[in-house]
Amino acid sequence: MVGRLALGITLLAFGLGTTGVIHGVAASDAVSVAHYVGGVALFLVGLLAFRGGDGVSGTGFAALGALWFTWAVGGHSSANAAGLFLLLFALVALTLTLAGGDSLGQVMHGLLFLAMLVLAVAAFADSSSLSKVGGWVAAVSGAVAWYAATASLAHWPTALPGRAARRGVTATG
């Protein structure tokens with residue numbers, strides 16, 4: 001739960017900062033959140049997951065923590081360098097999406113992949129419009145991560161409805 005909550009808060013701060021929807025708040029304002037919550041906290045959660053025998057969560061949170069930490073402390077020398085970093089970030093998110101897990105986790109990582117891919121293209125193309133789209137996708141991914149953590153703690157539904165549920169068929173018949 002802590003990992004998803006940390007990822008959710010980081011993505012919300014980064015995504016909303018990238019969109020420019022809040023006057024005077026930019027993606028660069030999310031640096032301290034990305035550094036400590038997204039970087040350090042996620043990395044530690046990943047190490048604890050490894051210690052507990054959960055290799056998938058350990059890999060995911062440690063990798064994402066390292067990427068957020070690097071984004072926060074590293075200066076990109078060019079738009080192409082930023083685009084490459086975001087593209088590599090997208091590949092990690094794609095790996096986490098394909099690794100499986102619960103449905104909310106797959107949606108969260110899938111949206112993170114899409115956000116980082118759009119932001120990478122935006123950096124390569126120097127497109128502020130695409131950056132805003134990527135920021136919104138990152139914010140939605142953050143909202144899904146936040147919901148997944150909160151739902152788990154509050155005992156809300158965490159599974160997305162399947163085909164059987166949409167047709168009105170229940171598991172018992």
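Since we're looking at a predicted model, the values are computed, not measured.

Cut-offs and rules
- Numbers given for residues are sequential positions, taken from 1 along each chain in its written order.
- Totals for whole chains, interfaces and linings use all residues, but because this is a predicted model, local features are given only for residues with pLDDT of at least 70 and pairs of side-chain atoms are given and counted only at 80 or more.
- Only hydrogens and water are set aside; all other atoms, that is, all heavy atoms of the structure, feed into the side-chain values.
- Each helix is a run of DSSP H or I of at least 4 residues and each strand a run of E of at least 2, with the numbering of both proceeding from the N terminus.
- Both definitions apply: the radius of gyration is a C-alpha atom measure, and the globule rule equals 2.2 Å times residues to the power 0.38.
- Buried, partly exposed and exposed residues are distinguished by accessible area as a fraction of the type maximum, computed with a 1.4 Å probe on protein chains only: under 20%, between the cut-offs, and over 50%, respectively.
- We get accessible surface area from the Shrake-Rupley algorithm with a probe of 1.4 Å; when it comes to residues, only the shown protein chains can shield them.
- Just so you know, the count uses Lys and Arg for positive and Asp and Glu for negative, and it drops His and the chain ends.
- Where a charge lies is defined by one atom per residue type: Lys uses NZ, Arg uses CZ, Asp uses CG and Glu uses CD.
- Note on geometry: axes are lines fitted to C-alpha atoms, helical ones only across the stretch in contact, with angles between N-to-C directions running from 0 to 180 degrees.
- Here the angle decides the label: under 35 degrees means roughly parallel, over 145 means roughly antiparallel, 65 to 115 means roughly perpendicular, and every other value means oblique.
- For any pair of crossing helices, the crossing counts as left-handed if the nearer helix is rotated counterclockwise from the farther one by less than a right angle, and right-handed if it is rotated clockwise.
- Pairs of residues are marked as contacts when any of their non-hydrogen atoms sit within 4.5 Å.
- For this classification, Asp, Glu, Lys and Arg are treated as charged, while Ala, Val, Leu, Ile, Met, Phe, Trp, Tyr, Cys and Pro are nonpolar and the rest, including Gly, are polar.

## Quick word on the overall build of the chain
And then number 1: Secondary structure summary: the chain contains seven helices and zero strands in total.
And then number 2: When the helices and strands of the chain are placed in sequence order, the string is α-α-α-α-α-α-α.
And then number 3: At 17 Å, the chain has a C-alpha radius of gyration in line with the 16 Å of a compact globule built from 173 residues.
And then number 4: Dimensions of the chain, computed from the C-alpha atoms along their principal axes, are close to 60 × 40 × 30 Å.
And then number 5: The buried share of the chain, reckoned over its 173 residues, is 39%.
And then number 6: For the chain, the exposed surface amounts to about 8900 Å²; the carbon and sulfur share of it is 68%.
And then number 7: Taking the average place of the 6 positive charges on the side chains of the chain and the average place of its 4 negative ones, the gap between the two points comes to 15 Å.

## Some words on the packing of helix H1 (residues 2–19) against helix H5 (residues 103–125)
And then number 1: Remark: H1 packs on H5, axes separated minimally by 13 Å, with the N-to-C direction vectors making an angle of 30°. The angle between the axes of H1 and H5 places the two elements in the roughly parallel class. In the crossing of H1 with H5, the sense of the turn from one axis to the other is left-handed. Taken together, the residues of H5 that come into contact with H1 (itself represented by Arg4, Leu7, Leu11, Phe14 and Thr18) are Leu104, Gly105, Met108, Leu112, Met116 and Leu119.

## Details of the packing of H1 against helix H6 (residues 128–154)
And then number 1: In contact at an axis separation of 7 Å, H1 and H6 are set at 155° when each is read in the N-to-C sense. The pairing of H1 with H6 is recorded here as roughly antiparallel in orientation. Relative to H6, H1 is oriented so that their crossing is left-handed.
And then number 2: Each residue belonging to the contact of H1 with H6 can be placed in one class, and the counts come to 14 nonpolar, eight polar and two charged.

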